[in-house]
Amino acid sequence: MVSRVIPVDPFDLVIFGGTGDLAQRKILPALFHRFCAGQWPEDAQIIGAARSDLTTDAFRQIVAESLRRDAPRRAENTEALDGFLQRLDYVALDAMSAEGWPELTGRLTKDRIRAFYFSVGPRLFGPLADQIRSHGMVSDQTRIVVEKPFGHDLHSARGLNSTLAAHFDEGQIYRIDHYLGKETVQNLMAVRFGNMLFEPLWNSQYVDHIQITVAETVGVDGREEYYERAGAMRDMMQNHLMQLLCLIAMEPPAKFDPDAVRDEKLKVIRALDPVEPHHIVRGQFATGEGEPGYREVVNNPRSTTESYVALKAHVSNWRWAGTPFYLRTGKRLVARSSVINVQFKDAPHSIFGEAAGRHANALSIRLQPNEGITLKVTIKEPGPGGMRLIDVPLDMSFADALGPENQDPPDAYERLVMDVIRGNQTLFMRGDEVEAAWAWTDPIIDGWQARGDVPKPYDSGSTGPGDAELLMKRDGRRWQGIKP
Ligand code: BG6
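Everything numeric in this text was worked out from a predicted model, so none of it was measured.

So, how was this worked out
Residues numbered from 1 in each chain as written. Predicted model: local features only at pLDDT ≥ 70, side-chain atom pairs only at ≥ 80, totals over all residues. Heavy atoms only, no water. Pairing = 2+ DSSP bridges. Helix = DSSP H or I, 4+ residues; strand = E, 2+ residues; numbered from the N terminus. Axes fitted to C-alpha atoms, helices over the stretch in contact; angles between N-to-C directions. Contact = heavy atoms within 4.5 Å. Parallel < 35°, antiparallel > 145°, perpendicular 65-115°, else oblique. Left-handed = near helix turned anticlockwise from the far one by under 90°. Salt bridge = Lys/Arg side-chain N within 4 Å of Asp/Glu carboxyl O. Buried < 20%, exposed > 50% of the residue type's maximum accessible area, 1.4 Å probe, protein only. Near = heavy atom within 4 Å. Polar contact = N/O pair within 3.5 Å; in protein donor to acceptor, adjacent residues only side chain to side chain. Areas by Shrake-Rupley, 256 points an atom, 1.4 Å probe, with all protein chains shown as cover. Nonpolar A, V, L, I, M, F, W, Y, C, P; charged D, E, K, R; others polar. Phe/Tyr/Trp six-rings, centres within 6.5 Å; stacked < 30°, edge-to-face > 60°. Lys NZ or Arg CZ within 6 Å of the ring centre and 35° of its normal.

1. Brief notes about the sheet that holds strand β12 (residues 360-368)
- Sheet architecture is open: 9 strands sit in the order β14-β13-β12-β11-β7-β10-β9-β8-β15, paired in mixed fashion. Strands at the two margins of the open sheet, each flanked by one partner only, are β14 (389-397) and β15 (456-459). In this sheet, adjacent strand axes meet at a mean angle of 20° when their direction is disregarded.
- Examined bridge by bridge, strand β7 (residues 207-215) and strand β11 (residues 337-346) share 8 bridges and lie antiparallel to one another. Each residue of the ladder has a partner; that of Gln211, found in β11, is Asn341.
- Contacts from helix α9 (residues 224-249) reach β7, β9 (308-313), β10 (325-330), β11 and β12, with the element oriented near 145° to β10.

Structural data, given as C-alpha cells:
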C-alpha cells in the first residue's frame, strides 16, 4: 500500500531562524522529503531569514550539509538535492531593526500562500509580528507558525497569545505540538472513531484505568539551560502527554475539522481535576551506566528540576468519572517507548469458577517505536484437564500489516508543515487549549516550589523512581513494562 501524495498550492515559506538547529534538523529535512515525494508545485520557494550575513549560496551550502547528515538516503540523489537547493533563498535581517525587511518584502510573490515560520525564541514573536504587519506582508493567505515552548506558565502564554492576536487572527496562527504530527498519534483517532468495536466500551463502566507512557533514553545534553528552567512537567507533560490524554479521552467530534476536534480536546482539559500532591512523583536521573547524572550534566549540584514525572489524573465528566489516567514521562530511562494502555475491567462474573483466575482485556497502542496495536484476549489453555484460562496477545504491527513501504512513516514535521500550507489547523493547538493546559499545570509546579520539593533520584537506564511504582501499587495496579 503506497501513500497518496496530494500536491499543495504554490507557496512562499519564510523561516525565521533559518540557520538555527530546529530549522536545519527538522523543518528543512521535512520540506526536502515532501519535495522528493513530489508534493511541491513547480514554483514554491523557501526563504531562510536570520541575522548572519550570508549569501544565498552559502545558505544553500549549510542546508546541503544538514540534509546529508539528517536525510542521508534522499540526499544521495544529487538531482533531487540540487533541485531542492535551487528553491532556497536567503535574506539577512534583524527582528529588532529595519535591516533586511525591504529585501524580504521584495522577494515575496504576490497573491499566493505565504507562511512565516517563527523558528526563534518566544521573545522575538512580538517584534517579528510587528515587522511583518508594518511591512504590509499580511494578507488573507498569510499564516504564521510558532513552536513550543508556548510560554513558561499561564501568564506568559496569555502574553504570547495576545501579542500574536494583535497582528493575526486565530485562524492564521499554527501552534506546533509535533506529537500531533506523528502518524500513530493520528491513528489514535482512526482507531477510536473508525471502528465500532471500541467506542461502546470506551468509558468508566468498562475501562478500569488508562496508562500513558512516554519514556526516553536520551538525556538533556545540549539543551541544559532550557531544560533547567523547564523540567519534564513543562517540557513534555503540559503539551505532548496532555495532547495524548485529550485524544484518548475526548468525545467523538462531529467531524474531523479544526474547531470540532479542538473544542472536544479543550473540554477534556477543562474537565481535569487539580492533581493531589500525593498523586505525583518527580524524579531526577542519577549517575549510572557510566553516564553522568542530571546535576552533573547541567552543572548545578543543587538542581531540583525533574527529568521524570508520573501522576494520576482524573477527567471529571460523565464518561470518565472514576477511571484514573496514569501518565508518566522521563529521560534516561531503560528504553525509548511511547505507549498507551487501556486496561478494561474484569468480566462481571466468571462462569469458570475461582480456579480459572481473573482476566481482563487490555488494548495497547504503541506510538513509537514498533508502532502497532495489541489486544490482550482471554482464551482456554489448550489441553485436557478442565477449563483453565490464559491471556494471549492479538498483535498487529503496522509495518507488517501495511507493507514494507510504510515501515518508515513520514516525520511529524512533514505532515505539519504541509498542513500549514494547506491551511488545515486540525493538528495544531488553539490558543485557549494551550492556556487551559497551563492553567492545569501551573498549580502543580507552584505547589512544588512552595513546598521546596526535591525530585527523587533514579538510576539512569532504569524505569524511573520506585515511588512511581508505589503510586500504582497503592491503587492495586501496576505499570506496564517499558519495552523497546
Ligand atoms: C520535545 C522535547 O518536544 O520532544 C524533548 O522538548 C523530547 O525534550 C522530544 O526529547 C521527544 O520527541 P520525540 O518525537 O523524540 O518523541
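2. Points about the packing of helix α10 (residues 258-270) against helix α14 (residues 431-451)
- Orientation of α10 relative to α14, taken along the N-to-C sense of each, is 15°, at an axis distance of 9 Å. As the angle between them shows, α10 and α14 are arranged roughly parallel. The handedness of the crossing between α10 and α14 comes out as left-handed. On α14, the residues that touch Arg262, Lys265, Leu266, Ile269 and Arg270 of α10 are Asp432, Glu433, Ala436 and Ala437.

3. Some remarks on the pattern of salt bridges
- According to the stated counting rule, one finds 34 salt bridges in the structure shown.
- One salt bridge connects Glu170 with Arg175, and the closest N-O pair in it is separated by 2.7 Å.
- A relative accessible area of 32% places Glu170 in the partly exposed class.
- For Arg175, a relative accessible area of 1% gives the class buried.
- A single salt-bridge network, built from bridges that share partners, covers Asp259, Arg262, Asp263, Arg430 and Asp432.

4. Points about the pairing of β12
- Within β12, 8 of the 9 residues are buried, leaving the element largely enclosed by the surrounding structure.
- In textbook terms, the turn of a hairpin is the stretch between consecutive antiparallel strands, and for β12 and strand β13 (residues 372-380) this stretch comprises 3 residues, one of which, Asn370, has a positive phi near 50°.

5. Topic: the site of the ligand
- Near the ligand the following residues occur: Lys148, His178, Tyr179, Lys182, Glu216, Arg223, Asp235, Met236, His240, Lys331, Arg336 and Gln368.
- Contacts to the ligand include His178, whose side-chain N or O atom sits 2.8 Å from an oxygen atom.
- At 2.5 Å from an oxygen atom of the ligand is found a side-chain nitrogen or oxygen belonging to Glu216.
- In isolation the ligand has 400 Å² of accessible area, and contact with the protein removes 79% of it.
- Among the elements that line the shell around the ligand, the one with the most residues is α9, at 3 residues.
- Its residues placed into classes, the shell around the ligand shows 2 nonpolar, 3 polar and 7 charged.

6. Some thoughts on unusual backbone geometry
- Between Lys148 and the following residue, Pro149, the backbone shows a cis peptide bond with an omega angle of 5°.
- With respect to the helices and strands, Pro149 occurs in the loop between β5 (142-146) and α7 (154-165).
- A cis geometry characterises the amide bond from Gln368 onward to Pro369, with omega recorded as -15°.
- By the secondary structure assignment, Pro369 is in the loop between β12 and β13.
- Of note, Asp111 is a non-glycine position whose phi angle comes to about 50°, a positive value.
- Phi angles above zero are rare outside glycine, and Arg332 is one such case at about 55°.
- Along the chain, Arg332 falls in the loop between β10 and β11.

7. What about the sheet that holds strand β2 (residues 45-50)?
- A sheet is described by the order of its strands in space; here 6 strands give the open sequence β3-β2-β1-β4-β5-β6, paired in parallel fashion. Pairing within the sheet leaves two strands with one partner each, and these edge strands are β3 (88-92) and β6 (173-175). Going from strand to strand, the sheet's axes swing by 20° on average, the running direction of each strand aside.
- Across 5 bridges, the pairing between strand β1 (residues 11-16) and β2 is parallel. When the bridges of β2 are listed, Asp12 appears paired with Gln45.
- Along the sheet face, helix α13 (residues 412-422) touches β1, β4 (113-118), β5 and β6 and points at about 135° away from the line of β4.

8. Here we look at the packing of aromatic side chains
- In total, this model carries 18 aromatic pairs according to the counting rule given.
- Ring centres of Phe16 and Trp101 lie 5.7 Å apart, and the angle between their planes is 40°; on these two criteria the pair is classed as tilted. One end of the pair, Phe16, is in strand β1; the other, Trp101, is in helix α5 (residues 101-107), and 85 residues separate them in sequence. The pair formed by Phe16 and Trp101 is uniform in burial state, with each residue classed as buried.
- Ring geometry for Phe285 versus Tyr294: centroids 5.7 Å apart, planes at 90°, classification edge-to-face.
- Site record: aromatic cluster; members linked through ring pairs are Phe11, Phe32, Phe35, Trp40 and Phe84.
- The ring of Phe150 carries the charged tip of Arg175 above its face, separated from the ring centre by 5.1 Å.
- Seen from the ring of Trp448, Arg282 lies directly overhead, with NZ or CZ sitting 4.1 Å from the centre.

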